[in-house]
Amino acid sequence: YILPQCRRIGTDYLDCYLIHWPEPWNSQGKSNRESRAETWRQLELLLESGKCRSIGVSNFLPIHLEQLIEDCTITPHINQFEYNPLQQSKEIVASCREQGIVAQGYCPLAKGNALRVPLVQEMASQLGKSPAQVSIFTLLWAVAEISPFPGFTPLEFAKQRCYHSQSFFTGPYQIQQRHF
């Protein structure tokens, strides 16, 4: 199945392949856990064949991650889930850290709703930055293992981005932990 996809986009491998949702649409009489494990084993084979460089999941809760790790051989490289100033899935982040999984946040602006948060607007005004910049970079600053970027980001690269983003917040306005 992956070879036609690769040919269509003009490559012979994929950087990352994710299971989008922990509950299969058609489990064919199997439990969700059994279906997840069966699907994950196929991703493991893709990784082992070299047709995929990393494999991961999306929208998995800690219990889903624990079960997958118990049932399969390879731990997911990435878990992608919604993370923004209005939805901070700290239990998922903690679970990913414990398991050595890169946590990647999608929808970092909460579909635009984060831009209207008074604290975000105040910080943006005082820093001379846009509310979008403040939303994204405060998340990087607050949680180094969250990557709000659309592509797969290895953990060390995410930490490096976070380190460099700290220089974004120099000047008279000091961001404190109470803001989060």
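Caption draft 1: Quick peek at the overall build of the protein. A tally of helices and strands in the protein yields seven helices and five strands. For the protein, the sequential pattern of α-helices and β-strands runs α-β-α-β-α-β-α-β-α-α-β-α. Residue pairs at least 24 apart in sequence account for 61% of intrachain contacts in the protein once pairs closer than 6 positions are excluded. Looking at the protein as shown, the accessible area adds up to about 10,100 Å², and 52% of this sits on carbon and sulfur atoms.

Caption draft 2: Representation of the pairing of strand β2 (residues 55-58) within the structure. Neither face of β2 is left uncovered, since the one carrying I55 and V57 and the one carrying G56 and S58 both have all their residues buried. Across three bridges, strand β1 (residues 17-19) lies against β2 in parallel orientation. For I19, the partnering residue across the bridge sits in β2 and is V57. As paired strands, β2 and strand β3 (residues 78-82) are joined by three bridges and run parallel to one another. In the strand pairing of β3, V57 is matched with N79.

Caption draft 3: Region of interest: the pairing of β3. The element β3 is extensively covered by neighbouring structure, given that four of its five residues are classed as buried. Crossover handedness for the path β2 to helix α3 (residues 62-71) to β3: right-handed. Pairing analysis gives five bridges linking β3 to strand β4 (residues 102-106), with the strands arranged parallel. Looking across to β4, one finds that F81 is bridged to G105. Where the polypeptide runs from β3 across helix α4 (residues 90-99) and back to β4, its parallel neighbour, the crossover connection is right-handed.

Caption draft 4: Just the pattern of salt bridges, in detail. Within the structure shown, the criterion is met by three salt bridges. E38 is paired through a salt bridge with K30; the nearest N and O atoms lie 2.3 Å apart. Residue E38 is classed as partly exposed on the basis of its relative accessible area of 40%. Assessed through its relative accessible area of 32%, K30 is described here as partly exposed. The closest approach of N and O atoms between R33 and E70, which form a salt bridge, is 2.8 Å. Of the two residues, R33 sits in helix α2 (residues 32-49) while E70 sits in helix α3, which places them 37 residues apart along the sequence. Judged by relative accessible area, R33 falls into the partly exposed class, the value being 30%. For E70, a relative accessible area of 60% puts it in the exposed group. Residues joined by salt bridges that share partners form a network here, namely R33, E70 and D71.

Caption draft 5: Layout of the confidence of the model for the protein. Across the protein, pLDDT averages 79, with 74% of residues at or above 70. Averaged pLDDT values over the elements of the protein bottom out at 44 in helix α7 (residues 155-165) and peak at 97 in α3. This stretch, residues 149-180, has a pLDDT under 50; its non-local contacts, to residues over four places away or in other chains, come to 53 contacts.

Caption draft 6: Layout of the nonpolar core. W40, I55, V57, F81 and C96 are the most contacted members of the largest nonpolar core, which has 24 residues in total. When contributions to this core are tallied by element, the ones reaching two or more residues are β1, α2, β2, α3 and α4. A total of five residues in this core trace back to one element, the largest contributor, which is α2. Formed by five residues, the second largest nonpolar core is a distinct cluster that contains V120, M123, L127 and V134.

Caption draft 7: Quick peek at the packing of aromatic side chains. One pass over the structure, following the stated rule, counts one aromatic pair. Judged by centre distance (6.3 Å) and plane angle (75°), the ring pair of F81 and Y83 falls under edge-to-face. Above the ring of Y13, the side-chain terminus of R53 is found at 3.6 Å from the ring centroid.

Conventions adopted
Residues numbered from 1 in each chain as written. Predicted model: local features only at pLDDT ≥ 70, side-chain atom pairs only at ≥ 80, totals over all residues. Heavy atoms only, no water. Helix = DSSP H or I, 4+ residues; strand = E, 2+ residues; numbered from the N terminus. Contact = heavy atoms within 4.5 Å. Areas by Shrake-Rupley, 256 points an atom, 1.4 Å probe, with all protein chains shown as cover. Buried < 20%, exposed > 50% of the residue type's maximum accessible area, 1.4 Å probe, protein only. Pairing = 2+ DSSP bridges. Right-handed = clockwise from strand over helix to strand, strands pointing away. Salt bridge = Lys/Arg side-chain N within 4 Å of Asp/Glu carboxyl O. pLDDT = per-residue confidence, 0-100. Core = buried A, V, L, I, M, F, W, Y, C linked by side-chain atoms within 4.5 Å. Phe/Tyr/Trp six-rings, centres within 6.5 Å; stacked < 30°, edge-to-face > 60°. Lys NZ or Arg CZ within 6 Å of the ring centre and 35° of its normal.

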